[in-house]
Amino acid sequence: MEALQQYIEYSQEVKQAKEDKRPIVALESTIISHGMPYPQNVEMANNVEQIIRDNGAVPATIAIMDGRIKIGLEKAQLETLAKSKDVAKVSRRDLAEIIATRKIGATTVATTMICAELAGIAFFVTGGIGGVHKGAEQTMDISADLDELAKTEVTVVCAGAKSILDLPKTMEYLETKGVPVIGFQTTELPAFFTRESGVKLNSTAESVEEIAKIHLVKQDLGLGGGIVVANPIPHEHALAKEYIESIIDEAVAEADAQGIQGKDSTPFLLSKIVEKTEGKSLEANIKLVENNAILGAKIAVAFNQL
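As recorded in an unreviewed UniProt entry, the protein chain goes by Pseudouridine-5'-phosphate glycosidase and comes from Staphylococcus delphini. Reading the Sequence similarities (unreviewed entry) entry of the UniProt record for the protein chain gives the comment "Belongs to the pseudouridine-5'-phosphate glycosidase family."

Printed below as a string of structure tokens:
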């Protein structure tokens with residue numbers, strides 16, 4: 001355990017929160033470095049952190065810098081991450097290498113879960129999880145996020161899986177791995193930019209207390225693995241299903257034509273979608289992350305009270 005601690009560094013705010021046993025919510029950094037352009041990315045990151053504070057919890061944005069896993073970033077570090085053109089996108093397979101070579105790395109959903117668990121943080125807020133890519137039966141392109149959810153004990157609050165994915169196959173994969181997907185006040189898997197996907201969920205929770213209790217019981221039973229809390233984008237910020245689906249299909253066709261695949265495909269597709277929606281998708285992305293931050297903070301507070 002001591003060997004591990006040399007690689008972890010807490011911000012002052014997070015260190016204090018751990019000492020005071022206050023609820024902490026983890027945040028990923030890929031959304032900052034690879035998900036949005038500057039300066040919207042740093043504005044979004046600061047806003048989301050503040051939303052978590054306003055709802056009674058402490059934010060811990062996670063990134064890799066100077067050979068350390070930073071649990072919580074200071075303002076200057078957040079700015080560096082948002083502006084730097086040379087930030088590695090770090091999944092489980094890259095984590096040791098990026099720490100060892102002292103490069104700057106932004107954590108994906110999978111790596112944020114790993115780092116949150118190492119730091120004893122049980123709740124994590126993101127935009128959307130990764131999943132099974134369209135055409136995976138040919139390419140085998142399946143996000144490492146899904147395997148991580150099967151083994152790492154962190155509850156992830158998201159607006160469903162990213163809508164560029166094959167959502168029915170993503171749900172099948174999670175079911176096979178025994179990962180609970182709980183709709184917050186919805187019976188349908190939200191599809192990131194839209195509230196509906198046509199994919200029905202087995203589980204629905206009406207309150208944050210219910211989700212906190214499920215997390216506790218799952219932990220007590222030693223079942224391992226994470227929980228996905230699927231929180232639909234607010235009505236007023238959602239994009240029309242047909243509109244966004246046609247744009248996604250165009251973007252996917254362009255990615256195929258250019259031979260873009262693997263971990264480059266999501267950033268490529270998201271930036272194409274921003275371009276094709278004239279910024280509407282970026283606005284929706286920011287609003288859904290803010291909405292998830294409110295819910296994630298409230299669940300962490302409810303769990304803390306248990």
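Caption draft 1: Up close: the packing of helix H7 (residues 109-118) against helix H9 (residues 144-151). Their axes nearest at 8 Å, the elements H7 and H9 cross at an angle of 25°. The angle between H7 and H9 falls in the class roughly parallel. Of the residues in H9, those in contact with Val 109, Ala 110, Met 113 and Ile 114 of H7 are Ala 144, Asp 145, Glu 148 and Leu 149.

Caption draft 2: Quick peek at the pattern of salt bridges. If you walk through the whole model with that rule in mind, you get 19 salt bridges. Linking Lys 70 and Asp 66 is a salt bridge whose minimum nitrogen-to-oxygen distance equals 3.9 Å. Residue Lys 70 is classed as buried on the basis of its relative accessible area of 5%. On the basis of relative accessible area, Asp 66 is assigned to the partly exposed category, the value being 47%. A salt bridge links Glu 254 to Lys 276; the nearest nitrogen and oxygen atoms lie 2.7 Å apart. Taken together, the residues Glu 254 in helix H12 (residues 241-257) and Lys 276 in helix H13 (residues 265-276) connect sequence positions 22 residues apart. Owing to a relative accessible area of 25%, Glu 254 belongs among the partly exposed residues under this scheme. Since its relative accessible area comes to 25%, Lys 276 is described here as partly exposed.

Caption draft 3: Quick look at the environment of Ile 164. With respect to the secondary-structure elements, Ile 164 resides in the loop between strand S8 (155-158) and helix H10 (167-176). Given the relative accessible area of 3%, Ile 164 is considered buried. In this structure the C-alpha to C-alpha distance between Ile 164 and Ile 247, which are 83 residues apart in sequence, comes to 9.8 Å. With residues up to four places along the chain from it excluded, the contact list for Ile 164 reads Lys 134, Ile 248, Thr 266, Leu 269 and Ile 273.

About the criteria used
Residues numbered from 1 in each chain as written. Predicted model: local features only at pLDDT ≥ 70, side-chain atom pairs only at ≥ 80, totals over all residues. Heavy atoms only, no water. UniProt positions renumbered as here; feature names shortened; annotations may be inferred. Axes fitted to C-alpha atoms, helices over the stretch in contact; angles between N-to-C directions. Helix = DSSP H or I, 4+ residues; strand = E, 2+ residues; numbered from the N terminus. Parallel < 35°, antiparallel > 145°, perpendicular 65-115°, else oblique. Contact = heavy atoms within 4.5 Å. Salt bridge = Lys/Arg side-chain N within 4 Å of Asp/Glu carboxyl O. Buried < 20%, exposed > 50% of the residue type's maximum accessible area, 1.4 Å probe, protein only.

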